[in-house]
Amino acid sequence: MKRVPRPKGTVDTPIDSRAFDLLSATLALILALHAPHLPWWLSAALALILGWRWWQRRQQIGRVPAWLKLPMLALLILVVIAWYGTIFGREPGTALAVGLLVLKLLESETERDARVGISFACFALMVALLFDQGLIATLVVALGLLPALATLRALQPARLPSSARRTLMSNLGLLFAALPLALLAFLLVPRLSTPLWGAPSPRQATTGLSDSMTPGNFTELLTDDHPAMRVSFDGPPPPADLRYFRAYVMGYYDGRGWHRRSPDPHQAVAAIEAGTTVSYRITLQPTRQRVLPTLDVPLQAPAQSQMQPEREVLADKAVTEAISYAGTSASRYRLQAVLDPASRQRGLQLPAGFNPRTHALAAQWRQRFGSDDAAIVDAALARFHDGGFRYTLAPAPLGRDSIDDFLFSTLEGFCEHYASSFTVLMRAAGIPARVVTGYQGGYWNKLADYLLVRNSDAHAWSEVWLAGRGWVRVDPTAAVRPERVTLGAAAAAGDQRDWYRNDWLQDVRNRWDVVNRWWDQAVVGFDALRQRGLLTPFGIRDTDTGMLGLLLAISSVLFVALGLGWALWRREARDQLRAAMHRLERKLARRGITRRSSEGPQHYLSRAARALPAQRHELEALMNLYLSLRYAQDHPSTESVRAFSVAVREFRPLDVVK
Amino acid sequence: MAGLLQRAQQLAERRLPSLTRYRRAEKLPIELHRRRIYIVPTGFGLGFSVFPLSIQKDTLNYANNAALLLTCLLGAASAASMLVAFRDLDGLRLGHIRAGHAVAGQPIELTLAFDSSRVRQAIRVELGRDATAFAIDAGVVMHLKLMMPTTRRGWQPLARLRVWSSWPLGLFRAWSWLHPEQAVLVWPRPEEAGPPPVAPAEDARHMRLLQGDELAALRGYRVGDPQRHVAWKASARHDDLLVKDFERAQNRPQWQLDWRRLDGLDDESRISRLARWVNEAHAQQRHFSLWLPGNIIANGSGPEHYAHCMNALAQLP
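Being a predicted model, the structure only gives us computed values, none of them experimental.

## Considering the overall build of chain B
Okay, so step 1: When its secondary structure is counted, chain B shows seven helices and 16 strands.
Okay, so step 2: For chain B, buried positions account for 47% of its 317 residues.
Okay, so step 3: Considering only intrachain contacts with a sequence separation of at least 6, the fraction spanning at least 24 residues in chain B is 63%.
Okay, so step 4: Surface summary for chain B: the accessible area is close to 16,700 Å², and the carbon and sulfur share equals 54%.

## Describing the overall build of chain A
Okay, so step 1: Scanning chain A from terminus to terminus reveals 23 helices and 19 strands.
Okay, so step 2: Burial statistics for chain A: of 658 residues in total, 46% are counted as buried.
Okay, so step 3: Considering only contacts in chain A between residues 6 or more positions apart, those separated by 24 or more positions represent 72%.
Okay, so step 4: Summed over its atoms, the accessible surface of chain A is roughly 32,700 Å², and 59% of this surface lies on carbon and sulfur atoms.

## Looking at the sheet that holds strand S1 (residues 212-213) of chain A
Residues and elements named next belong to chain A.
Okay, so step 1: Read from one edge of the open sheet, three strands run S1-S5-S4, paired in antiparallel fashion. The two strands at the open ends of the sheet, each matched to only one other strand, are S1 and strand S4 (252-253).
Okay, so step 2: Note that S4 and strand S5 (residues 258-259) share two bridges and pair antiparallel. Residue pairing across strands places Tyr253 opposite Trp258, the latter belonging to S5.

## Quick notes on the pattern of salt bridges
Residues and elements named next belong to chain A.
Okay, so step 1: Taken as a whole and judged by the stated rule, the model has 30 salt bridges over all chains.
Okay, so step 2: The residue Arg246 makes a salt bridge to Asp296 at a minimum N-O spacing of 2.8 Å. Linking Arg246 in strand S3 (residues 244-250) with Asp296 in the loop between strand S8 (294-295) and strand S9 (305-307), this pair joins segments that are 50 residues apart in sequence. Per residue, the accessibility class of Arg246 equals that of Asp296, and both read buried.
Okay, so step 3: Close ionic contact of Arg607 with Glu599 constitutes a salt bridge, the shortest N to O distance being 2.8 Å. The pair Arg607 / Glu599 is uniform in exposure class, with both members buried.
Okay, so step 4: Counted as one network, the salt bridges with shared partners bring together Arg246, Asp296, Glu310, Arg434, Glu463 and Arg473.

## A closer look at the interface of chain B and chain A
Okay, so step 1: At the interface, 56 residues of chain B touch 57 residues of chain A.
Okay, so step 2: Remark: the boundary between chain B and chain A carries eight residue pairs in polar contact (both at pLDDT 80 or more).
Okay, so step 3: Looking at the side of chain B that touches chain A, the elements with two or more residues in it are helix H2 (43-61), helix H3 (65-89), strand S5 (120-127) and strand S6 (130-136) of chain B.
Okay, so step 4: Per element, the largest residue contribution to the side of chain B that touches chain A is 18 residues, and it comes from H3(B).

## Some remarks on the pairing of strand S10 (residues 172-178) of chain B
All names here are of chain B.
Okay, so step 1: For S10, the buried fraction is high: six of the seven residues fall into the buried class.
Okay, so step 2: Bridge count between strand S9 (residues 161-165) and S10: five bridges; the pairing is antiparallel. Across the sheet, Leu161 pairs through a bridge with Leu178, a residue of S10.
Okay, so step 3: Counting the residues that bridge the hairpin from S9 to S10 gives six residues, and of these Gly170 lies at a positive phi of roughly 80°.

## Regarding the packing of aromatic side chains
Residue and element names in this part refer to chain A.
Okay, so step 1: The final tally for this structure, using the stated rule, is 19 aromatic pairs over all chains.
Okay, so step 2: Taking 5.2 Å as the distance between ring centres and 80° as the angle between the ring planes, the aromatic pair formed by Trp41 and Trp83 counts as edge-to-face. With Trp41 in helix H2 (residues 40-59) and Trp83 in helix H3 (residues 66-84), this residue pair connects regions lying 42 residues apart in the sequence.
Okay, so step 3: Overall, Trp41 belongs to the partly exposed group, its relative accessible area being 28%.
Okay, so step 4: Judged by centre distance (4.8 Å) and plane angle (75°), the rings of Tyr244 and Trp461 are edge-to-face. Note that Tyr244 is positioned in strand S3 and Trp461 in strand S18 (residues 458-466), a separation of 217 residues in sequence.
Okay, so step 5: Taking relative accessible area as the criterion, Trp461 reaches 0% and is therefore assigned buried.
Okay, so step 6: Taken together, the aromatic side chains of Phe384, Phe389, Phe406, Tyr418 and Phe422 make up a single cluster linked through ring pairs.
Okay, so step 7: In this structure, Arg357 is placed above the aromatic ring of Phe408, and the distance from its NZ or CZ to the ring centre is 4.3 Å.
Okay, so step 8: Across from the ring centre of Phe354, 4.1 Å away, lies the NZ or CZ of Arg400, which sits over that ring.

## Quick look at the side chain of A:Gln156
Okay, so step 1: Topologically, A:Gln156 is positioned in the loop between helix H6 (135-154) and helix H7 (164-188).
Okay, so step 2: Assessed through its relative accessible area of 1%, A:Gln156 is described here as buried.
Okay, so step 3: At 3.4 Å, the side chain of A:Gln156 and the side chain of B:Arg124 are in polar contact.
Okay, so step 4: Once residues lying within four places of it in the same chain are set aside, the contact partners of A:Gln156 are A:Arg115, B:Ala122, B:Arg124, B:Ser166, B:Trp167, B:Pro168, B:Leu169 and B:Gly170.

## Considering empty space enclosed by the protein
Okay, so step 1: One pass over the full model with this rule turns up four cavities of 30 Å³ or more.
Okay, so step 2: By residue class, the composition of the lining of the largest cavity is one nonpolar, five polar and five charged.

## Quick word on a nonpolar patch on the surface
All names here are of chain A.
Okay, so step 1: Among the surface-exposed residues, Leu29, Ile136, Val140, Trp512, Val515 and Trp518 lie close enough to one another that they form a single nonpolar patch of about 510 Å² accessible area.
Okay, so step 2: Residue assignment for the nonpolar patch shows that the elements contributing at least two residues are H6 and helix H17 (503-524).
Okay, so step 3: No other element matches H17, which puts three residues into the nonpolar patch.
Okay, so step 4: By secondary structure assignment, the location of Val140 is in helix H6.

## Regarding the environment of A:Gly144
Okay, so step 1: With respect to the secondary-structure elements, A:Gly144 resides in helix H6.
Okay, so step 2: With 111 residues separating them along the chain, A:Gly144 and A:Leu33 place their C-alpha atoms 9.3 Å apart.

## With respect to unusual backbone geometry
Among all residues save glycine, negative phi is the norm, and among peptide bonds the norm is trans.
Okay, so step 1: The peptide bond linking B:Leu28 to B:Pro29 adopts the cis configuration, its omega dihedral lying at -5°.
Okay, so step 2: Within the fold, B:Pro29 resides in the loop between helix H1 (2-15) and strand S1 (30-31).
Okay, so step 3: Residues B:Trp167 and B:Pro168 are joined by a peptide bond in cis, for which omega reads 0°.
Okay, so step 4: A positive phi is found at A:Gln336, a non-glycine position, where the angle reads about 55°.
Okay, so step 5: Checked against the element boundaries, A:Gln336 lands in the loop between strand S12 (333-335) and helix H9 (341-346).
Okay, so step 6: Residues other than glycine seldom take positive phi values, yet B:Ala122 does so here, at roughly 50°.

## A look at the side chain of B:Arg276
Residue and element names in this part refer to chain B.
Okay, so step 1: When you line up the elements, Arg276 lands in helix H6 (residues 267-283).
Okay, so step 2: The class for Arg276 is buried, based on a relative accessible area of 7%.
Okay, so step 3: Those residues in contact with Arg276, other than ones at most four positions away along the chain, are Pro190, Glu191, Glu192, Ala193, Gly194 and Pro195.

How each quantity is defined
Residues numbered from 1 in each chain as written. Chains lettered and ligands numbered in written order. Predicted model: local features only at pLDDT ≥ 70, side-chain atom pairs only at ≥ 80, totals over all residues. Heavy atoms only, no water. Helix = DSSP H or I, 4+ residues; strand = E, 2+ residues; numbered from the N terminus. Buried < 20%, exposed > 50% of the residue type's maximum accessible area, 1.4 Å probe, protein only. Contact = heavy atoms within 4.5 Å. Areas by Shrake-Rupley, 256 points an atom, 1.4 Å probe, with all protein chains shown as cover. Pairing = 2+ DSSP bridges. Salt bridge = Lys/Arg side-chain N within 4 Å of Asp/Glu carboxyl O. Polar contact = N/O pair within 3.5 Å; in protein donor to acceptor, adjacent residues only side chain to side chain. Phe/Tyr/Trp six-rings, centres within 6.5 Å; stacked < 30°, edge-to-face > 60°. Lys NZ or Arg CZ within 6 Å of the ring centre and 35° of its normal. 1 Å grid on protein atoms, 1.4 Å probe; cavity = no way out; pocket = protein on both sides within 12 Å on 5 of 7 lines; lining within 4 Å. Points joined across faces, edges and corners; volume = space filled by probe spheres on them. Nonpolar A, V, L, I, M, F, W, Y, C, P; charged D, E, K, R; others polar. Patch = residues over 30% accessible without salt bridge, like charges linked within 9 Å, V, L, I, M, F, W, Y side chains within 5 Å.

The following block contains the structure:
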């Protein structure tokens, strides 16, 4: 059968170089977006393939042969399986998707190929948001839609020549026109309160506090500048030295590190006598843990969480998305004034056969100060302050008797080391003590009145039980480095931080956080619960799914009507000359020279010229111009009509001579 | 498959005239307006919607609001592109159509004059198998050339034109039928071979030696050339005398082509023989006259005369 040549402009025609360049640019952007969570060699290899294919098609139009393409495909799948062990799941799936997308470019020759590529590219763009849904990432992905849309435009035949800027503007215009409807749909598409299937990728480890602490495992946390939580206070914020946020209480020491005891179900929550109280609201970033940090020491647990015996707050389920909760805490308090024997015993637990020198030192102090526990605490703090200890995020490694090594030989470390050794020292001296981890400090954002607490503000301190005062918070790190408490972690670390964490940049980042907070609250944190309360300002307490659907339908119809109005609207071909003449008539009418209904333009303007003798020449010139444009020719040129209308605009009638 | 579709379409036109009423022929100029523009999603548009939908279900399940927001944005932009596609066609005007000349069996060239009050891009026009695309600027008349196949001589009504556009994203296709009430005249196909129109002797009788009065060239002086033919000004710049040479347009015998002399042939054969002679005469730049039943065309030559004669042949019953 003879093959009929297809008319041009159908799906089989090879795409032009502009469309191909735009397609390549889209893919390059996607690759850049995904590079942070792909193995670096895969990103590099894909970038190389992308660049090569782009260069190759510039030389000669045509598909890459199958003998080159198929091995690449096989290699990609093999590499993904070898690296991740599977092709399912978020990371391997993404690696495979991005790889396939780049390989798709190898055979992108016709319109159909390019369209399939762009559809897939849009998918890959959205997938990037599964890794990071911050404001910047979202904006970058939104901008990534622009080259994709431009590619689709470039696939159309017979376009008027247009600059890259014009194309960009028309695509931006399309997106902006779509924005109201998109926002509305975003607000009204019913959210699920619980996932229907699966849970978001459990494999990913977010840095955060954990319920055990071995010296050194904070290091990663202390160099992570991501926000951990944001706190707004009812009333003035507490002073810097009271900004301790309690997360875990660790009472079990195994010689290497500290662990949280699983709570005894019969144990009662420690009694507290509150002095001054502070109310606040915390927005917590996802931690994938149950703990809810609260200002030291919490009085009640927020909704859907439990107060633990040692006054930690654990949520009913792990925090997998940003949540917000209100709390009340006592900043002056007496916690567990009466210590029962079991608690006392737990507070003195130490493994046998570790840290002999520490034990000896504690015994020596006990001998010297007798039963004065407070004096022993002071002696230990004085030792930290004056004993030549250094605060550093990169301490020397410690041996088996880690506390001995730290206290007597290396003398350097950060909060974990100090809290840990102080607590061991206290226990060895017979004073009930425990380690508390959480956050301390934070950046007070004056612009929006909230406290930004970063992961790097993670901190560990001690609590010792003193007769008559209950559990007292003691921060041995403060003895070594008072700035840690008053100025924050960044100040304490001093010049050990990288160049990009200098003060100026830090300041910019802190200010920028206002925007991030807004984004997290308004967009990322918009969940089923918030959606149900959407219509509270309008008196509807609970907006259910049916209501949302109805609203979505109504507003969509509204937008469709608006869109149709725009689509059907046709600009009347206006008579510019007549419009200009009307303007002149209005100007003259303001001076009392009104055109009569039966009066022709010549008569009217001559009359106006007589009434305004000072502007007689101007008016006569206007009249002659109008007459020649209106009556001397059928289609006056656009330029001369414009000249007339400019002359009318510049004409200022003076006062009439009566 | 294609035949089935065509039959279904014919059935629809017969049974559902209210849906297909704009497909009947109408007078030029034709301006497209909302009541005759249809919009359907393209295959790509349907495929493209699968991706956002598949993402949407995941974003809802995992409460990924950023992705949901952008998917909504993409969806809304796609929907808006439908209106842009509609606006691309709405108000487009087909002013007039000029037809070229073609003999039966060869495609005839049509020139379609489109105009518009605003910029439109990527508008495609299909006529049978021929398709072309154009973009048009505001206030400009766009002349579009399309070829239409012809089958036999005489008046042939214009086929239906399909105008469509999937601007800007190719997700939706807005389309409309244009069926102008206009016919094109198709000339008769000349026969392949046959006898010459007249005997040579008769030819000689009509031979005239005429001196034309059109200046054709300059040549060197030959003895006997009249003095008034010497190009004095030009000669002043040369060594020799130059003489103006005048064309002799009428140096061939003129033909009298007559329907009545072609006895023993049926009408169509007569027409195709006359068409061949007219073609030959035109190619040889002869003067000729044509006698047809009911139409006598006087002696003449040149393209207009030729077209006149061919039109007359085409219109014979």
